[in-house]
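Architecture and fold: a report
So the chains spell out like this:
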Amino acid sequence: MTRSRPEGAASAALWERDKEIADVERALGELCGDAASSGSLVVFRGEAGIGKTALLEEVRRIAAGRATVWSARGGETVTSVPFNVVRQLLQPALLVLSQEEAREYFGDWYEIAGPALGIAEPGGRQADPQGVRDGLVAAVSRLARLHWPLVLLVDDAQWADEETLHWLAAFAERLDDLPVLVVVAHRDGEATAASTGHLEAVGAAARPRTTLYAL
Ligand SMILES: Nc1ncnc2c1ncn2[C@@H]1O[C@H](COP(=O)(O)OP(=O)(O)OP(=O)(O)O)[C@@H](O)[C@H]1O
Ligand SMILES: [Mg+2]
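Reading guide: rules and limits
Residues numbered from 1 in each chain as written. Chains lettered and ligands numbered in written order. Predicted model: local features only at pLDDT ≥ 70, side-chain atom pairs only at ≥ 80, totals over all residues. Heavy atoms only, no water. Helix = DSSP H or I, 4+ residues; strand = E, 2+ residues; numbered from the N terminus. Rg over C-alpha atoms; globule rule 2.2 N^0.38 Å. Buried < 20%, exposed > 50% of the residue type's maximum accessible area, 1.4 Å probe, protein only. Contact = heavy atoms within 4.5 Å. Areas by Shrake-Rupley, 256 points an atom, 1.4 Å probe, with all protein chains shown as cover. Lys, Arg positive; Asp, Glu negative; His and termini not counted. Charge placed at Lys NZ, Arg CZ, Asp CG, Glu CD. Pairing = 2+ DSSP bridges. Axes fitted to C-alpha atoms, helices over the stretch in contact; angles between N-to-C directions. Phe/Tyr/Trp six-rings, centres within 6.5 Å; stacked < 30°, edge-to-face > 60°.

**Quick look at the overall build of the chain**
Secondary structure summary: the chain contains eight helices and five strands in total. Taken against the 2.2 N^0.38 rule, which gives 17 Å for 215 residues, the C-alpha radius of gyration of the chain at 17 Å falls within 12% of a compact globule. The C-alpha extent of the chain, read off along each of the three principal axes, is 60 × 40 × 30 Å. Residues counted as buried form 46% of the 215 residues belonging to the chain. Of the contacts formed within the chain by residues at least 6 apart in sequence, a portion of 77% connects residues at least 24 apart. Carbon and sulfur atoms make up 50% of the accessible area of the chain, which amounts to about 10,500 Å² in all. On the chain, the mean spot of the 21 positive side-chain charges and the mean spot of the 31 negative ones are 3 Å from each other.

Here you go:
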């Protein structure tokens, strides 16, 4: 279903999204009000054209000037590129880090998570996926604190690579003590079985700090 904007409305106005937008406003207010606040997760799921991207753009608009916003989207043709979406998401932070800064900043996790993020050469030993995931969770947790208040937007998550979704599910479990707002949008029924499992885990992980919207 494709909807059209209300005639003559401000460009950001969306029909029938007051509840979603009010919840995001509240989560953003909590995030920006206290650097030691817990994080939260908002998931928008629904069919093509229902308004997921429009809502993410509204979140971006609401957060502008109040929080740092990093965003990424899954792509149908790059679903199999490991960590593609998490790299996109963190690109603004990673681009400005020199190798020395990254090494200092990521600490013990540099050798493990660095190659996945494209900021370190792969080491001789193949890191186990769980280790890479744990390293990424730790590294992004540091980034979230450093760049507070931080909002992470992931669109078209049904096409995100499985590694990113698995990381996202692990990261969502830490939101209790991480001041970050994560907003994820995805279609239903278009992900692989593994990705569908990770998406369900993302939604379940951060409860009760999760708001799930079936649009
Ligand atoms: N609540 C709304 N009020 C007015 N217009 C809307 C609303 N929601 C969506 N639209 C408009 O409908 C069209 C489709 O919305 P959008 O691209 O956000 O869908 P989507 O769910 O992201 O689809 P896809 O799964 O294909 O990415 C856009 O032109 C968008 O501006
Ligand atoms: Mg969209």
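**Brief notes about the sheet that holds strand β5 (residues 210-214)**
On the basis of which strands lie adjacent, the open sheet formed by five strands has the order β2-β3-β4-β1-β5 and parallel pairing. Every other strand in the sheet has two partners, leaving β2 (68-73) and β5 as the edge strands with one partner each. Each neighbouring strand pair of the sheet contributes to a mean axis angle of 10°, computed without reference to strand direction. As judged from the five bridges shared by strand β3 (residues 150-155) and strand β4 (residues 180-186), these two strands associate in the parallel manner. Looking at β4, one finds that V151 is bridged to L181. Running at roughly 165° to β3, helix α2 (residues 52-63) makes contact with β1 (40-45), β2, β3 and β4 of the sheet. Where helix α7 (residues 162-172) meets the sheet, it contacts β1, β3 and β4, and its direction lies at approximately 140° from that of β4.

**Comments concerning the packing of aromatic side chains**
Counted according to the given criterion, the structure contains three aromatic pairs. Both rings, one in Y105 and one in F106, keep their centres 5.8 Å apart while their planes meet at 90°; by these two values the pair is edge-to-face. A residue is classified by how much of its surface remains accessible, and Y105, at 21% relative accessible area, is partly exposed. With centroids separated by 5.1 Å and ring planes inclined at 25°, the aromatic side chains of W167 and F171 adopt a geometry described as stacked. Linking W167 with F171, this pair stays in helix α7, spanning four residues, or about one helical turn. According to the relative accessible area criterion, W167 is buried, its value standing at 0%. With relative accessibility at 0%, the residue F171 sits in the buried group.

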